[in-house]
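# Observations on chain architecture
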Amino acid sequence: NIPEALPIGTLSEQPGIALGGFASVAPGAPNEAVFVRGQPDGLQLRKTFAVSEADQGKGDYVGNLTLDFTNAGANPLQRTEFYVSTGGAAPVHATDMTLYTGFDWYRDGKATFTDVNWFNESSIPLTGIELRAAQNFYEQKSDKISWAASKNQYFVNIVAVTSGDPGNSVWARRLDLLHGGDAEKKVFGIEGALGLPGFRLEPGQTKSWTFRIYAGPKDLGRLSKLGQGEQEVMNFGIFKWVSEILLYSMNALYGLLGNFAAAIIALTIIIKALLWPLQNKATDSMRRMAALSPKMTELREKYKDDPTKMNQELMKLYKDYGVNPFSGCIPILIQIPIFFGFYSMLGTAIELRNSSFLWVKDLSQPDTVGHILGFPINILPILMALTMVWQMHITPKTGDAVQQRIFMFMPLIFILFAYNFASALSLYWTTQNLISILQLYVTRNKPLPELEKKSVTQKKALEAGKGKKRRSGA
């Protein structure tokens, strides 16, 4: 928790305003802490915090909170909605990406994510037209809400309903924090709460809820075992299954190698080995395109005033010679989900925190070695872009304008994604670039293939087949 936020498990009748007046009483077991509060109308509140006796110091980061509301008066009592705080979260580092700090909630198999940027005003770029004013609070009404959480890059507080009525609302607010006393540098934290429905109590009746509180690292294995979809706080996105496979594989390799940088490099080599045949096939296709380039140039020159006719003739040319103009892009398209799987996984993997590699002090952070005019100098993303340019330089030129434009912009796009991101991502992509370059050097010195029209090739194959039949008959 952070001082600006309510502690985890705080009760509120209004979100963000603590319900005080609780007194500590003797617990019923050594692993419990009990607090009670009486109200003039006869309502008795009892809060029991407990840790599992089975934990025995293992550090499972799990505790339980039981709330008991008892009508000790002579008249029926009606209570409106109340809130249980998820505590607060603040960035681990002042330079953390703001999307890491946020508030999540889960209902009916689906998680909803809100980071601190949500509270900003929204406008149409370059126009100044405001779409939405800045927001002070995030509030949502729903039903069957299982849990709510506040989180940063590595850690999360989750309050999950395990017995009693599920939540029917959530609430969060952004916290303006100062870092190192620098009032000019804004650092944002967040706090939130899970709303529970109101209830009616007859005299002598008790209404109870039990919550599981997880306050620990964003560890996929631990979160998956909790059993209510808590692993969704990892927010791996549309390539979730890729991220999960990569994370489990990286951890398995770390178990063998004892170093996360070595595990990432080994995982990259394994991925490239699996894709090696596909890359060879794509390279062969690009070489066929390169051999076809003079004929393509002739067609473009011949039909330069008639783009429709030119495209028709190019398609016919590809068909006649059995060339697929887009096959060279297939390895890149396949690696895009892998890249974004790594992107989602490496940025929040608690395992990488403080893991070093050569000059890199923390693989989960940019590998900044200095600044020029306030701009950070990150070595691995620069190496990544340079290896992409190198790879593009030695890749066979297909003559296809679309593919060449894609290749031209790829280094710029990737460095924008990776420059201020976890350096582990640039380590992965630089390693795979170097392996691809090696693969290209192995094949680049082969002579260009001699192309024949598909009809001629098919005719030769047919004649060869007839010759085999005659020889076998003889």
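Residues numbered from 1 in each chain as written. Predicted model: local features only at pLDDT ≥ 70, side-chain atom pairs only at ≥ 80, totals over all residues. Heavy atoms only, no water.

### What to know about the overall build of the chain
Regarding its fold elements, the chain presents nine helices and 20 strands. Within the chain, the proportion of its 474 residues that are buried is 45%. Partitioning the contacts of the chain with sequence separation of at least 6, the portion at a separation of at least 24 is 69%. Within the structure as shown, the chain displays about 24,400 Å² of accessible surface, and the carbon and sulfur contribution to it stands at 58%. (Helix = DSSP H or I, 4+ residues; strand = E, 2+ residues; numbered from the N terminus. Buried < 20%, exposed > 50% of the residue type's maximum accessible area, 1.4 Å probe, protein only. Contact = heavy atoms within 4.5 Å. Areas by Shrake-Rupley, 256 points an atom, 1.4 Å probe, with all protein chains shown as cover.)

### Focus on the packing of aromatic side chains
By the definition in use, this model includes 23 aromatic pairs. Ring pairs connect the aromatic residues Phe-339, Phe-340, Phe-342, Tyr-343, Phe-421, Tyr-428 and Trp-429, which therefore count as one cluster. Here the basic side chain of Arg-174 rests over the ring of Phe-188, its NZ or CZ set 3.9 Å away from the ring centre. For Lys-207, the ring lying beneath its charged end belongs to Trp-209, and the centroid distance is 5.2 Å. (Phe/Tyr/Trp six-rings, centres within 6.5 Å; stacked < 30°, edge-to-face > 60°. Lys NZ or Arg CZ within 6 Å of the ring centre and 35° of its normal.)

### Looking at the environment of Asn-64
Structurally, Asn-64 is set in strand β6 (residues 62-71). Taking C-alpha positions, Asn-64 is 8.7 Å from Tyr-214, a pair spaced 150 residues apart along the chain. Leaving out residues up to four positions away in the same chain, Asn-64 has contacts with Thr-48, Phe-49, Ala-50, Phe-211 and Arg-212.

### Let's talk about unusual backbone geometry
The backbone phi angle of Lys-144 is positive, close to 55°, even though this residue is not glycine. Assignment of secondary structure puts Lys-144 in strand β13 (residues 138-151). Of note, Asn-354 is a non-glycine position whose phi angle comes to about 65°, a positive value. When you line up the elements, Asn-354 lands in the loop between α5 (330-346) and β19 (368-372).

### Describing the pattern of salt bridges
By the definition in use, this model includes twelve salt bridges. Among the salt bridges present, the one from Arg-107 reaches Asp-143, with a minimum N-O distance of 2.7 Å. With a gap of 36 residues between them, Arg-107 in strand β9 (residues 102-107) and Asp-143 in strand β13 connect regions that are remote in the sequence. With its nearest N and O atoms 2.7 Å apart, the salt bridge here joins Arg-212 to Glu-230. Within this pair, whereas Arg-212 is found in strand β18 (residues 206-217), its partner Glu-230 is found in the loop between α1 (220-226) and α2 (240-257), the two being separated by 18 residues in sequence. (Salt bridge = Lys/Arg side-chain N within 4 Å of Asp/Glu carboxyl O.)

### Structural notes on the nonpolar core
If you look at soluble globular proteins, the nonpolar side chains tend to sit buried side by side. Formed by 51 residues in total, the largest nonpolar core has its most connected members in Met-250, Phe-342, Met-345, Leu-346 and Leu-352. The biggest single contributor to this core is helix α3 (residues 260-302), with eight residues. Ignoring sequence-local partners within four residues, the contact set of Met-250 consists of Phe-260, Ala-263, Ile-264, Leu-267, Met-345, Leu-346 and Leu-352. Residues Leu-19, Ile-145, Val-159 and Phe-199 belong to the second largest nonpolar core, which totals 32 residues. (Core = buried A, V, L, I, M, F, W, Y, C linked by side-chain atoms within 4.5 Å.)

### Quick notes on the side chain of Thr-10
Counting through the fold element by element, Thr-10 comes out in the segment before β1 (11-14). On the basis of relative accessibility, which here comes to 12%, the residue Thr-10 falls in the buried class. Polar contacts involving the side chain of Thr-10 include one to the main-chain carbonyl oxygen of Pro-7, which spans 2.8 Å. Discounting residues that sit within four places of it in the chain, Thr-10 has contacts with Ala-18, Lys-47, Tyr-83, Val-84 and Ser-85. (Polar contact = N/O pair within 3.5 Å; in protein donor to acceptor, adjacent residues only side chain to side chain.)

### As for the side chain of Asn-71
As for its placement among the helices and strands, Asn-71 is situated in strand β6. Residue classification places Asn-71 among the buried positions, given a relative accessible area of 2%. One polar contact links the side chain of Asn-71 to the main-chain amide nitrogen of Gly-73, over a distance of 2.9 Å. A polar atom in the side chain of Asn-71 sits 3.1 Å from the backbone oxygen of Leu-201. Here Asn-71 is in contact with Gly-42, Pro-76, Leu-77, Leu-201, Glu-202, Pro-203, Gly-204 and Gln-205, once residues within four sequence places are set aside.

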